[in-house]
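Here's the letter readout for the chains.
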Amino acid sequence: MRILVTGAAGFVGFHTSRRLLGLGHEVVGIDNLNDYYDPRIKEDRLAILGESDRFVFQRLDLADRAGMEALFASNRFDAAVNLAAQAGVRNSLTHPHQYTESNVTGFLNVLEGCRHSGVDHLVFASTSSVYGKEGHMPFHEGQGVNHPITLYAATKKANEMMAHAYSHLFGFRTTGLRFFTVYGPWGRPDMALFLFTKAILAGEPIKVFNHGEMWRDFTYVDDIVSGIVGVLENPAEPNPAWDADAPDPGTSDVPYRVLNIGNGDQVKLTEFIDAIEGELGIPAKRELLPMQPGDVSATYASTERLGAICGYRSSTPVREGIREFVRWYREYYRV
């Protein structure tokens, strides 16, 4: 297949593109290479992808309507994977316009491109943040997600609703994946594992919010990519049975679905830090702080629906995933 991957220079986009290339697909990757974090790591990811003659890269911003229209007009894609977005819960509190431009306007341009160029299936990144403080854990897709507590989560909920509307109106298939705390080699420098590792090696204190009373469904990036590939190979179809428990049923005749993709387990933040200390062989200096605005104390995914579709099962224990990250970090930064 010839597949469009947006955000190809990003963390998950890089790993997804590399897996697709390894499976023999052609990948056209786009990214705006913004400076939300150090662009050097993005350029290094692209250099690896560029070793394949089946990878083509174009620097392009999703919010560039004319550029996106030209991209779809000049290419025929069998499927698209939209992983480009302005990420980060806390950054959305201080830079809100970046989120609507990239995550809403940009996503609309992706939907329009798929609609007018005949893309059969669009897979797009959503987030566990859409659950906010609602419902009971493990979070499952039938729960209501109508009360986001950050703008970032609201833009991702908007993506889900926009995709459903386009699937309903124009008949092309869409799958949203609600990512749960992705981590691993080549990760984003603003995420906890990266920040903790960097600080511990430098002998600096790490910030531990909610005094460490936090639980996360940490999911290794290779497992996330397996789920993305799994749904690409099993495109969305109408499924009336899945909507029986939804608080707002109405997708049963539409080729649309939204799925959790996570580890399916919880790890306490303090245990996560313990594992990093163990791999580094250095104790952390822990600065215990209150909860941050827009954060939640726990996440935990039910992944039964994704498993039923493609046999998905997260197979990487957290300690093993941390070991792989630390090995990569030391090699990449030569520390």
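Residues numbered from 1 in each chain as written. Predicted model: local features only at pLDDT ≥ 70, side-chain atom pairs only at ≥ 80, totals over all residues. Heavy atoms only, no water.

## Comments concerning the sheet that holds strand β3 (residues 55–59)
Our working rule: One bridge is not enough; two strands pair if DSSP finds at least two bridges between them. Only runs of H or I of at least four residues qualify as helices and only runs of E of at least two qualify as strands under DSSP, and these elements are numbered from the N terminus. Convention adopted: a line fitted to C-alpha atoms gives each axis, helices being fitted over their contacting stretch, and angles between N-to-C directions are expressed from 0 to 180 degrees.
Taken in spatial order, the 7 strands of this open sheet run β3-β2-β1-β4-β5-β6-β11, and their pairing is parallel. Strands at the two margins of the open sheet, each flanked by one partner only, are β3 and β11 (256–261). Each adjacent strand pair in this sheet contributes to an overall mean axis angle of 20°, direction not counted. Relative to β11, strand β6 (residues 173–179) runs parallel, the two sharing 6 bridges. Residue pairing across strands places Gly176 opposite Val258, the latter belonging to β11.

## Topic: the packing of aromatic side chains
So the rule is basically this: Working definition: rings of Phe, Tyr and Trp (its six-membered ring) pair if their centres are within 6.5 Å, and the pair is stacked with planes under 30 degrees apart, edge-to-face with planes over 60 apart, and tilted otherwise. The rule is simple: take the accessible area with a 1.4 Å probe, protein chains only, and divide by the maximum for that residue type; under 20% is buried, over 50% is exposed, in between is partly exposed.
Under the counting rule described, the total for this entry stands at 26 aromatic pairs. On the numbers, 5.8 Å between centres and 85° between planes, the contact of Phe72 with Phe77 is edge-to-face. Accessibility assignment for this pair places Phe72 and Phe77 in one class, buried. Note on Phe325 and Trp328: the rings are 5.6 Å apart at their centroids and 50° apart in plane angle, and the pair reads as tilted. Here Phe325 and its partner Trp328 are both found in helix α11 (residues 318–333), 3 residues apart, which amounts to about one turn of the helix. Both residues of the pair, Phe325 and Trp328, count as buried. Feature note: the residues Phe14, Trp186, Phe194, Phe325, Trp328, Tyr329, Tyr332 and Tyr333 constitute an aromatic cluster, connected by ring pairs.

## Regarding the side chain of His121
Stated precisely, the cut-off is as follows: Polar contact is defined as a pair of N or O atoms within 3.5 Å, subject to the rule that within protein one atom must be able to donate a hydrogen and the other to accept it, and that residues adjacent in sequence are counted only when both atoms are side-chain atoms. Note on contacts: a residue pair is in contact if any heavy atoms of the two residues lie within 4.5 Å.
The residue His121 is located in strand β5 (residues 121–127) in this model. On the accessibility criterion, His121 (2% relative accessible area) is buried. Among the polar contacts made by the side chain of His121, one reaches the side chain of Thr175 at a distance of 2.8 Å. Setting aside residues up to four positions removed in sequence, His121 forms contacts with Asp78, Ala79, Ala80, Arg173, Thr174, Thr175, Val231, Leu232, Pro235, Ala236 and Arg257.

## Observations concerning the pattern of salt bridges
Side-chain pairs of opposite charge can arise whenever the charged atoms involved come near each other. How we decide: A pairing counts as a salt bridge when a side-chain nitrogen of Lys or Arg comes within 4 Å of a carboxyl oxygen of Asp or Glu.
Applying the stated criterion to the full structure yields 14 salt bridges. With a shortest N-O distance of 3.0 Å, Glu213 and Lys268 are connected by a salt bridge. Taken together, the residues Glu213 in the loop between β8 (205–208) and β9 (215–216) and Lys268 in strand β12 (residues 267–268) connect sequence positions 55 residues apart. Among the residues examined, Glu213 registers a relative accessible area of 36% and is labelled partly exposed. One salt-bridge network, held together by shared partners, links Asp120, Arg173 and Glu237.

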